[in-house]
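Summary of structural features
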Amino acid sequence: MEGQTIITTHDVDELFISTVVRLIQRRAFPNLRNIIAKTHSADIARWFPRLRPEAKSSLFTLLIEENRMGEVLCDLNSADISEFVEETESVVVANVLRTMPADDVTRILSELPEENKAELLNLIEGENSEDIERLLEYEERTAGAIMSPNYFALPEETTAAEATEKIRELSEVEMPPITFYVYVVDEDNKLKGVLSLRQLVQTKPGTPLKNLMTSHLYTVHTDMPQETVARAVARYNLLAIPVINSIGQLVGVVTIDDVVDVIREENTEDMLKMAGTGDLDITSRSIFRNTRARLPWLLASFGGGLLAVYIIGIFEAQLQQIAVLAAFIPIIMGMGGNIGTQSSTIIVRSIALGEVGVKDTWRVLWREFSTGALLGTTYGVLLGGFASIFPLFREYAWKLPLVVALAIFVNMMIAATVGTIIPMFFKRIRIDPAVATGPFVTTAIDVIGIFTYFLLAKIFLFK
């Protein structure tokens, strides 16, 4: 309707957060308590990046009083978790952690300094503490480190009626894996099969679980990388995947909510590496930490730029004779950098998803080389045509259009190849291929591109 203002969900969300931030800053606690009671923990966690330190402290206190801090802590970023631990008494922090699932507590403790971790572990008592210590023994970023030790497993001889009764008796167990899957084990707790809750309630009460279960099931080992676990859950559309040890015993489950966290974490990490910022915590407000994280990676670009300046200096005489050569430098370097980044991004993503391995190097290399050649031909013709009809360049007849056409063709072909080779090389030597993009690929392409351009100009224009 004409003149009508459309208000989106995003606008409403931003307005709500802004209102909450103002209430916190004004210390309007009665209103805040009402809002907290009606707001999901994940939404409460989104308030914190918008708050000043003193306002965060007030909200921490309020959430503890309302018994919501444990829920919210699971969704906070690393910087805010550290801030909570630093400014809150250890006994209070331990009481909060005691209300949380063991796998979430393990994730939080693993990000803290060793002294804080040891102190909190001593304060957390009971069965939950034993589970946490057991999970902390596994290497970080593995299935063992992110799994939940709470799962629902029954012996093979258990009947459907007995299993149903056991489920009714469950109380304080993490619900996602239990609601949908019942794991079947033998007397040594070795995993034998799995069945869904739907299968359980639809069968005859006296049927043993060994006659109902599916013995062909997907499992992961405790030492499997978390990214591989996430891919397996996504590939097979699972709500949870069992984790077994070296002798086949069931030791835990990785649930879909854990997988979502892993995917978000891995994607963020890959994006930061591809941008050349390393493992920078994007939620950090420290200017020094931001600068320190970016500085080493930018040295690659800086060094490459100096090398490009040196190459241009070598061809200074030719550039002085035909100054219009400088006009084409930005487009030749820019197009090469763009296609190189495209190729490397495609390869890194394919490697991350398990679609491409080291054995596929030559196939992938030929595909990207051919793509670069076709794209280079297309843009070479376009740039050469532009150089041939533009009045400023007509005095060089066919030679200048040929040089710029060949330069952009060769540069785009090389760029696509380099953008493929570097991440595949990193993969072969077991280094995260995500670090290959950004400074490494673009810098290499810029140097190669500028050298190729002036070399071609020297061959065709300065005989």
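Look up a bit, the structure's there.
Okay, so let's go over this structure.

The rules behind these values
Residues numbered from 1 in each chain as written. Predicted model: local features only at pLDDT ≥ 70, side-chain atom pairs only at ≥ 80, totals over all residues. Heavy atoms only, no water. Helix = DSSP H or I, 4+ residues; strand = E, 2+ residues; numbered from the N terminus. Contact = heavy atoms within 4.5 Å. Areas by Shrake-Rupley, 256 points an atom, 1.4 Å probe, with all protein chains shown as cover. Patch = residues over 30% accessible without salt bridge, like charges linked within 9 Å, V, L, I, M, F, W, Y side chains within 5 Å. Salt bridge = Lys/Arg side-chain N within 4 Å of Asp/Glu carboxyl O. Lys, Arg positive; Asp, Glu negative; His and termini not counted. Charge placed at Lys NZ, Arg CZ, Asp CG, Glu CD. Buried < 20%, exposed > 50% of the residue type's maximum accessible area, 1.4 Å probe, protein only. Polar contact = N/O pair within 3.5 Å; in protein donor to acceptor, adjacent residues only side chain to side chain. Axes fitted to C-alpha atoms, helices over the stretch in contact; angles between N-to-C directions. Parallel < 35°, antiparallel > 145°, perpendicular 65-115°, else oblique. Nonpolar A, V, L, I, M, F, W, Y, C, P; charged D, E, K, R; others polar.

Brief notes about the overall build of the protein chain
Secondary structure summary: the protein chain contains 22 helices and six strands in total. For the protein chain, restricting intrachain contacts to residue pairs at least 6 apart in sequence, the fraction spanning at least 24 positions comes to 68%. In the form shown here, the protein chain has an accessible surface area of approximately 24,800 Å², with 58% of it arising from carbon and sulfur atoms.

Considerations on a negative patch on the surface
On the surface, E111, E139, E140 and D223 cluster together into a negatively charged patch. The residue D223 is located in the loop between β4 (220-221) and α15 (226-235) in this model. A relative accessible area of 61% places D223 in the exposed class.

Focus: the side chain of S343
For S343, the location among the structural elements is in helix α19 (residues 329-352). One polar contact links S343 to E368, side chain to side chain, over a distance of 2.8 Å.

As for the packing of helix α4 (residues 53-65) against helix α6 (residues 78-87)
When two helices pack together, their arrangement is given by the angle between the helix axes and the distance between those axes. Contact pair α4 / α6: the axes reach a minimum separation of 11 Å and the direction vectors enclose 75°. In terms of axis orientation, α4 runs roughly perpendicular to α6. Residues P53, K56, S57, F60 and I64 of α4 form the contact with α6, whose own contacting residues are D80, E83, F84 and E87. Classifying every residue of the contact of α4 with α6 by side-chain character gives four nonpolar, one polar and four charged.

As for the pattern of salt bridges
Scanning the entire structure with this criterion turns up 13 salt bridges. A salt bridge links E66 to R33; the nearest nitrogen and oxygen atoms lie 2.4 Å apart. In this pair, E66 is assigned in the loop between α4 and α5 (69-73) and R33 in helix α2 (residues 29-38), connecting sequence segments 33 residues apart. The exposure class assigned to E66 is partly exposed, which follows from its relative accessible area of 30%. For the salt bridge of D131 with R134, the shortest nitrogen-to-oxygen distance reads 2.4 Å. Within this pair, D131 and its partner R134 are both found in helix α10 (residues 127-136), separated by three residues, close to a single helical turn. By relative accessible area, which is 40% here, R134 ends up partly exposed. A single network of salt bridges, built from pairs that share partners, joins R33, E65 and E66.

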